[in-house]
Amino acid sequence: MWRLRRAAVACEVCQSLVKHSSGIKGSLPLQKLHLVSRSIYHSHHPTLKLQRPQLRTSFQQFSSLTNLPLRKLKFSPIKYGYQPRRNFWPARLATRLLKLRYLILGSAVGGGYTAKKTFDQWKDMIPDLSEYKWIVPDIVWEIDEYIDFGHKLVSEVIGASDLLLLLGSPGETAFRATDHGSESDKHFRKGLLGELILLQQQIQEHEEEARRAAGQYSTSYAQQKRKVSDKEKIDQLQEELLHTQLKYQRILERLEKENKELRKLVLQKDDKGIHHRKLKKSLIDMYSEVLDVLSDYDASYNTQDHLPRVVVVGDQSAGKTSVLEMIAQARIFPRGSGEMMTRSPVKVTLSEGPHHVALFKDSSREFDLTKEEDLAALRHEIELRMRKNVKEGCTVSPETISLNVKGPGLQRMVLVDLPGVINTVTSGMAPDTKETIFSISKAYMQNPNAIILCIQDGSVDAERSIVTDLVSQMDPHGRRTIFVLTKVDLAEKNVASPSRIQQIIEGKLFPMKALGYFAVVTGKGNSSESIEAIREYEEEFFQNSKLLKTSMLKAHQVTTRNLSLAVSDCFWKMVRESVEQQADSFKATRFNLETEWKNNYPRLRELDRNELFEKAKNEILDEVISLSQVTPKHWEEILQQSLWERVSTHVIENIYLPAAQTMNSGTFNTTVDIKLKQWTDKQLPNKAVEVAWETLQEEFSRFMTEPKGKEHDDIFDKLKEAVKEESIKRHKWNDFAEDSLRVIQHNALEDRSISDKQQWDAAIYFMEEALQARLKDTENAIENMVGPDWKKRWLYWKNRTQEQCVHNETKNELEKMLKCNEEHPAYLASDEITTVRKNLESRGVEVDPSLIKDTWHQVYRRHFLKTALNHCNLCRRGFYYYQRHFVDSELECNDVVLFWRIQRMLAITANTLRQQLTNTEVRRLEKNVKEVLEDFAEDSEKKIKLLTGKRVQLAEDLKKVREIQEKLDAFIEALHQEK
């Protein structure tokens, strides 16, 4: 009796400690109480009546927060009988007083010991937060007495305890994939984890008892029809279970919200300037970078890339995008009514951060997901990128869009949203759209470590599903597949038999197998709904759903929150199991590539495409600078020669020949002046600029293409040629150059004063060269017209054609006419043409008047040029008569003066163009070359096209493999540190 009273007092002490404990709200489990208190828990309550305890059945009412079954108390048998009354009442009184003293003393000692032990246990469980003063803002310590840190961490544990039912590994939770953690708080988390797992196990036990009771009730319905009270107890039990689960869910949501706010305060510490320590890159960001490098290295995702990612597949309009948005907690994807919106894979990396933002891999702009304007801009940008990736004539593209989403409370994982699987190609789509979508989906799902998130529309018939067959082919055993049934609210309304939904969730309806099954609701179909509104609608639906009330669905199988927790835990479990194997694979690949390089290019450095481009860029800029080192003499010589080649035909045909037909020197000079003025005003400056620009191009090309000896690397030839062409295309000569050049040329051509004999001889030499070149061209034209002469016919066995024979007879007839009149004008009169034609007809040669004119043009030209050359020889000694203005002399050398004027104009023009080249145009060309190189540097496709070959590809592979291996090693090290 004394022991029972002492234990009762100890029980009261423990209960008082539990009620007044701070830091954790709610009742402690029975195992945490003192041994004596636990042994008599509820059995020695003051209101307890000694009676035989009733047997506990499945119909007994209980709460979800009830502790585990208690150990039964064994009572010693009580003997009833007559006890003789003794009259030693003083002794009895003393004995009772002594017993009361010992009772009070023993109770005090036992209660104090129990209180101390309980206090020590609680003290051990509370983490030492002093180690985290560097990461927690000062404001958090000030509000420590108002905010319960224990409850802030509970929300992370709850998801893990729900997931234990899915993975079957109670010891492994989502805490192993978090970014924060230390040895000091693991005990505290472990205690909370055990507490919540205990609650979850109790709920599961109650669910099992409810199902057993419901099964017993259904099987024996005929026998128990009269037992209305039993049915009421079953309904009451199920109703209490549902309320308990909903209450449990609300507590979790409240704790999660509080934890989210606290973590946001902690993550904002750098923004507020509390700490200036540079934070390390998060684990999920490191892993996402590895996947980004892999996507660039191997866009086809072949067998070398076996790193885990969550692949989201489903039929078109099944709700894939909506599920992703609920997981990301923002409406970030473009949407359309029944049309295909996802046209290329979108890789979404979810990570935790203080602000809810999104940004692309190749852009620095952050989209604030809390603002509708930024959300609309983000959706528009994603749609533009998708359309840009889709090539002409296609509907979908395999190119991946990489997007990072950060925010407080987001589950860390990498998801890939794929285009929806279609059954029929509609109008406006490419004919191969269906096959392309299948190939893209298979390429991602064939990765043995990829987690397949199979989305099935619950509002349509299951028989219409296409994606389930595809998933069952890629994962026949369901070891990495998570099945998600969307639009459950519509399914509950439309499906005649609710048990069909239960069959789907239990994996009995589809032939595919899955690791877990979930049912979610992603809104009412209104694109303007917010995430909060959708989540409230989802919670409200499942609270009132018959599927949960009738135990067709389990509590941990519903809502997108539970889904995101499960997917995140599966993702990190797969990452831990496979990442080291992938790192070893890339180490072997790196060794093979390095060995191949040493064997093929032992004397060359391993320069990748970007490094080779920089080397070629420096060489090209050095060659452009070499243009400024060309001597002025070289510039002027090539400019003068090129300009004369361009204008010589015009000078002889349109200026010299017409003027030479005049009868006296005055008319000759007048004709020359008029034609030179017209030529200068209209054509000459433009021709000069064209010649200068072509000369600059030729010199630039010569420097770019000429070999540099042993240092020449032909791998740059295509790049140099492309840079040269693009630079020349962009370069434009100064618009004011022609105007200034016109004035200079006009002044040069007006000057007729030859100062000395040397210039006179130079003009005669220039005139002879020009006339001899023109005479040679004329002789070749006549030879082609009349055919080979008798020597070539005899030596080379060549014959004339019939047409050539006619031309030859016509030529001979015209030459006879010229011998008769050597001063014949340049044109034939009509009677002369008739005479020639009749003379030829008399010899049996039929000719046309046009043929006679054509032949006369060449014959007269040759005659004129020979006459001009003879006159040029006579003028060699005419400088003396020129100084006297040809007074009292029969010699007229005005044609020499004309060629001197042309020669001097060419020299002055060449000098002017050379100054423009060296002072202005070479620098402008160098600027254009730099701009072209900068544009090529930003265009990766251009570099891939221009820098090709086995050497380049091998260096690129080596660079990528090394980068992947280094990032994988850093990620694995961080992953081990987190464990």
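Residues numbered from 1 in each chain as written. Predicted model: local features only at pLDDT ≥ 70, side-chain atom pairs only at ≥ 80, totals over all residues. Heavy atoms only, no water.

### Focus on the packing of aromatic side chains
- What the rule picks out here adds up to 16 aromatic pairs.
- Ring geometry for Phe 571 against Trp 572: centres 5.4 Å apart, planes inclined by 75°, an arrangement best described as edge-to-face.
- Between Tyr 656 and Phe 899 the ring centres are 5.4 Å apart and the planes differ by 75°, which places this aromatic pair in the edge-to-face class. One end of the pair, Tyr 656, is in helix α19 (residues 632–660); the other, Phe 899, is in helix α30 (residues 894–938), with 243 residues separating them in the sequence.
- The class of Phe 899 is buried, set by a relative accessible area of 1%.
- One aromatic cluster is present, formed by Trp 644, Tyr 656, Phe 766, Phe 864 and Phe 899 through successive ring pairs.
- Positioned above the aromatic ring of Phe 703, the side-chain terminus of Arg 702 is 4.6 Å from the ring centre.
- Between the NZ or CZ atom of Lys 943 and the centre of the ring of Phe 613, over which it lies, the distance is 5.6 Å. (Phe/Tyr/Trp six-rings, centres within 6.5 Å; stacked < 30°, edge-to-face > 60°. Helix = DSSP H or I, 4+ residues; strand = E, 2+ residues; numbered from the N terminus. Buried < 20%, exposed > 50% of the residue type's maximum accessible area, 1.4 Å probe, protein only. Lys NZ or Arg CZ within 6 Å of the ring centre and 35° of its normal.)

### Concerning the side chain of Thr 695
- Following the sequence through the fold, Thr 695 ends up in helix α21 (residues 684–705).
- On the basis of relative accessibility, which here comes to 2%, the residue Thr 695 falls in the buried class.

### Points about the state of the cysteines
- Evaluation of the coordinates by the stated rule reveals one disulfide.
- Paired by a disulfide, Cys 875 and Cys 893 hold their sulfur atoms 2.2 Å apart. Across the S-S bond of Cys 875 and Cys 893 the torsion is about -100°, and the bridge reads as left-handed. Placement of the pair is Cys 875 in the loop between α28 (849–874) and α29 (879–883) and Cys 893 in the loop between α29 and α30, with a sequence separation of 18 residues. There is no split in this pair, since Cys 875 and Cys 893 are both buried.
- Its sulfur unpaired, Cys 872 is 6.7 Å from the next cysteine sulfur, which belongs to Cys 875.
- Of the residues examined, Cys 872 reaches a relative accessible area of 0% and is grouped as buried. (Disulfide = S-S within 2.5 Å.)

### Here's the deal with the sheet that holds strand β1 (residues 310–314)
- With mixed pairing, the nine strands of this open sheet are ordered in space as β4-β3-β5-β2-β6-β1-β7-β8-β9. Two strands bound the open sheet, and with one partner strand each, they are β4 (367–368) and β9 (516–519). (Pairing = 2+ DSSP bridges.)

### With respect to the UniProt feature "coiled-coil region" (unreviewed entry) in the chain
- UniProt marks residues 189–272 and 915–942 with the feature "coiled-coil region" (unreviewed entry), using the numbering shown here.
- Its end C-alpha atoms 36 Å apart, residues 915–942 is made of 96% helix and 0% strand. (UniProt positions renumbered as here; feature names shortened; annotations may be inferred.)

### Overview of helix α9 (residues 320–328)
- Across the nine residues of α9, eight count as buried, placing the element largely inside the fold.
- All of the buried residues in α9 are Lys 320, Thr 321, Val 323, Leu 324, Glu 325, Met 326, Ile 327 and Ala 328.
- Gln 329 occupies a position one or two residues after α9 and carries a positive phi of about 60°.

### Thoughts on the pattern of salt bridges
- Enumeration over the complete set of coordinates arrives at 42 salt bridges.
- Note that Arg 914 is salt-bridged to Glu 636, the shortest N-O span being 3.3 Å. Taken as a pair, Arg 914 in helix α30 and Glu 636 in helix α19 lie far apart in primary sequence, 278 residues in all.
- You can call Glu 636 partly exposed: its relative accessible area is 22%.
- Among the ionic pairs, Glu 768 bridges to Arg 876, the shortest N-O distance being 2.3 Å. Of this pair, Glu 768 sits in helix α24 (residues 757–786) while Arg 876 is found in the loop between α28 and α29, placing the two residues 108 residues apart along the sequence.
- With a relative accessible area of 9%, Glu 768 lands in the buried category.
- Connected through shared salt-bridge partners, Arg 590, Glu 594, Glu 606 and Arg 962 make up one network. (Salt bridge = Lys/Arg side-chain N within 4 Å of Asp/Glu carboxyl O.)

### Quick look at the pairing of strand β5 (residues 401–406)
- Counting buried positions over the six residues of β5 gives five, a clear majority of the element.
- By the bridge criterion, six bridges tie strand β2 (residues 346–351) to β5 in an arrangement that is parallel. Residue Thr 349 lies in a different strand from β5, and its bridge partner there is Asn 404.
- Relative to β5, strand β3 (residues 357–360) runs antiparallel, the two sharing four bridges. Looking across to β5, one finds that Leu 359 is bridged to Asn 404.

### Examining unusual backbone geometry
- Positive phi, close to 55°, is recorded for Lys 487, a residue that is not glycine.
- Residue placement: Lys 487 occurs in the loop between β8 (481–486) and α13 (488–494).
- If you check the backbone angles, Thr 559 has positive phi at about 75° while not being a glycine.
- Its location among the elements puts Thr 559 in the loop between α16 (546–549) and α17 (560–600).

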